[in-house]
Amino acid sequence: MELLDKLKWRYAAKAMNGKKVPQEKIDNIIEAISLAPTSSGLQPFEIIVITNQEVKEKIRPIAWNQSVITDCSHLFVFAAWDTYTADRINKMFDLTNAIRGFKNEGWENYRQMLLSSYPQKDAEENFNHAAKQAYIAFSQAIAAAAFEGVDSTPLEGFDAASLDEILGLRAKGLRSCVMLPVGYRDSENDWLVDLAKVRKSKEDLVTVID
């Protein structure tokens, strides 16, 4: 299967060569992110795609000085909603109604259920829930990049508060949760490139309940 072959090919590149990824491939990765499933279809996150080298240079010191930050082609930052609000929930439900061209009683009842629940919850609890949704899309971005023959490096090792400040995320009601540099591996300078991929056996990973 082509997708599985691509996933076996991918790894978390530790060094990239600075070569630019064609915009068509970037657009395909973004489309895959957009198509990811999320709880109630709310898509409670945004993606910041950074190509500006000066901005990447600012981010590198607060991300353990990892070279892939500055040597990648595009740096994807996944930023989740800081909380759920009535306006945010209504916007997505209204968008659904506009695209589908009709209102559904069950769907509107579901809207009211969410409005009576999420906005009243603690903001930190809401952010953690939104961040989980961002991670679903993040995983899909990794797979999409591999399918395009593009390397990527999942990164949680950074100072989120500092990254939020650099990108002005808090003013937008967003908080960074994970980054994904994408580009092309620097095979000559990446210690991980030729090492075997190690995963649990299926027996250790999967429990089947018949």
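What you are looking at is a predicted structure, and each value in this text was computed from that prediction instead of being measured.

Definitions and limits used
- Along each chain, residues carry numbers from 1 onward, in the same order as the chain's sequence is written.
- Given that this is a predicted model, residues contribute local features only at a pLDDT of at least 70 and side-chain atom pairs are listed and counted only at 80 or more, while totals for whole chains, interfaces and linings are drawn from all residues.
- Hydrogens and water molecules were not included; the side-chain quantities draw on all heavy atoms of the structure.
- Helix and strand labels come from DSSP, where a helix needs a run of H or I of at least four residues and a strand needs a run of E of at least two; each type is numbered from the N terminus.
- Accessible area is worked out with a 1.4 Å probe on protein chains only. A residue is then buried under 20% of its type maximum, exposed over 50%, and partly exposed in between.
- Angles here are taken between N-to-C directions and fall from 0 to 180 degrees, while the axes themselves are lines fitted to C-alpha atoms, restricted in helices to the stretch in contact.
- Any angle that falls under 35 degrees is termed roughly parallel, while one over 145 is termed roughly antiparallel, one within 65 to 115 roughly perpendicular, and all others oblique.
- Only heavy atoms matter for contacts: two residues are in contact if any of them lie within 4.5 Å across the pair.
- We call a set of buried residues a nonpolar core when its members are Ala, Val, Leu, Ile, Met, Phe, Trp, Tyr or Cys and they connect through side-chain atoms within 4.5 Å of each other.
- Each pair of aromatic rings taken from Phe, Tyr and Trp, with Trp reduced to its six-membered ring, is defined by centres within 6.5 Å and is described as stacked if the planes are under 30 degrees apart, edge-to-face if over 60, and tilted in the remaining cases.
- Lysine NZ or arginine CZ positioned within 6 Å of the ring centre and within 35 degrees of the ring normal marks a charge as sitting over the ring.
- Each pair of strands is called paired provided DSSP finds at least two bridges between the two strands.
- Every definition here rests on a 1 Å grid over the protein atoms only: cavities are sets of points where a 1.4 Å probe fits but cannot get out, pockets are open sets enclosed by protein on both sides within 12 Å along at least five of seven lines, and lining residues have some atom within 4 Å of a point.
- Grid points are joined across faces, edges and corners, and a volume is the space filled by probe spheres set on the points.
- Under the grouping applied here, Gly and all other residues not named as nonpolar or charged are polar, the nonpolar ones being Ala, Val, Leu, Ile, Met, Phe, Trp, Tyr, Cys and Pro and the charged ones Asp, Glu, Lys and Arg.

Describing unusual backbone geometry
Here comes step 1: Positioned with a positive phi, Ser40 is a non-glycine residue whose angle comes to about 60°.
Here comes step 2: Tracing the chain through its elements places Ser40 in the loop between α2 (23-34) and β1 (45-50).
Here comes step 3: Positive phi outside glycine occurs at Trp64, with the angle close to 55°.
Here comes step 4: With respect to the helices and strands, the residue Trp64 is situated in the loop between α3 (53-59) and α4 (68-71).

Section: the environment of Lys91
Here comes step 1: For Lys91, the location among the structural elements is in helix α5 (residues 86-100).
Here comes step 2: When its relative accessible area of 63% is taken as the criterion, Lys91 is described as exposed.

Notes on the packing of helix α1 (residues 2-9) against helix α7 (residues 123-147)
Here comes step 1: Their axes nearest at 8 Å, the elements α1 and α7 cross at an angle of 100°. Compared by their axis directions, α1 and α7 come out roughly perpendicular. On α7, the residues that touch Glu2, Leu3, Lys6, Leu7 and Trp9 of α1 are Ala143, Ala146 and Phe147.

Structural notes on the nonpolar core
Here comes step 1: Phe78 and Met179 are the most contacted members of the largest nonpolar core, which totals 57 residues.
Here comes step 2: Of all the elements, α7 adds the most residues to this core, at 10 residues.
Here comes step 3: Excluding residues within four positions of it along the chain, Met179 makes contact with Ile59, Ala63, Ile69, Leu75, Phe76, Val77, Phe138, Thr153, Pro154, Leu155, Phe158 and Leu163.

Let's talk about the packing of aromatic side chains
Each aromatic ring pair is specified by the distance between its two centres and by the angle formed by the two planes.
Here comes step 1: Throughout the structure, instances matching the rule amount to seven aromatic pairs.
Here comes step 2: Plain terms: the ring middles of Tyr84 and Tyr118 are 4.6 Å apart, the flat faces sit at 40° to each other, and that makes the pair tilted. Of this pair, Tyr84 sits in the loop between β2 (74-81) and α5 while Tyr118 sits in the loop between α6 (105-115) and α7, placing them 34 residues apart in sequence.
Here comes step 3: According to the relative accessible area criterion, Tyr84 is buried, its value standing at 2%.
Here comes step 4: With relative accessibility at 11%, the residue Tyr118 sits in the buried group.
Here comes step 5: By way of ring pairs, the aromatic residues Phe78, Tyr135 and Phe138 are connected into one cluster.
Here comes step 6: Lying across the ring of Trp107, Arg100 places its NZ or CZ 5.9 Å from the centre.

Section: the pairing of strand β4 (residues 174-183)
Here comes step 1: By the criterion of burial, β4 is predominantly enclosed, with 10 of the 10 residues buried.
Here comes step 2: As judged from the eight bridges shared by β2 and β4, these two strands associate in the antiparallel manner. Looking at the pairing, Val77 lines up with Met179 of β4.
Here comes step 3: Direction of pairing for strand β3 (residues 151-152) relative to β4: antiparallel, over a ladder of two bridges. Among the inter-strand pairings, Asp151 is bridged to a residue of β4, identified as Gly183.

Remarks on the layout of surface pockets
Here comes step 1: Taken as a whole, the largest pocket holds about 230 Å³ of empty space.
Here comes step 2: Along its surface, the largest pocket is lined by Gln43, Phe45, Glu46, Trp81, Asp87, Arg88, Lys91, Met92, Leu95 and Lys172.
Here comes step 3: Contributing elements (two or more residues each) for the lining of the largest pocket: β1 and α5.
Here comes step 4: Looking at the lining of the largest pocket, its residues break down into four nonpolar, one polar and five charged.
Here comes step 5: Approximately 190 Å³ is the volume attributed to the second largest pocket.
Here comes step 6: Contributing to the lining of the second largest pocket are 13 residues, with Arg10, Tyr11, Leu195, Ala196 and Lys197 lying nearest its centre.

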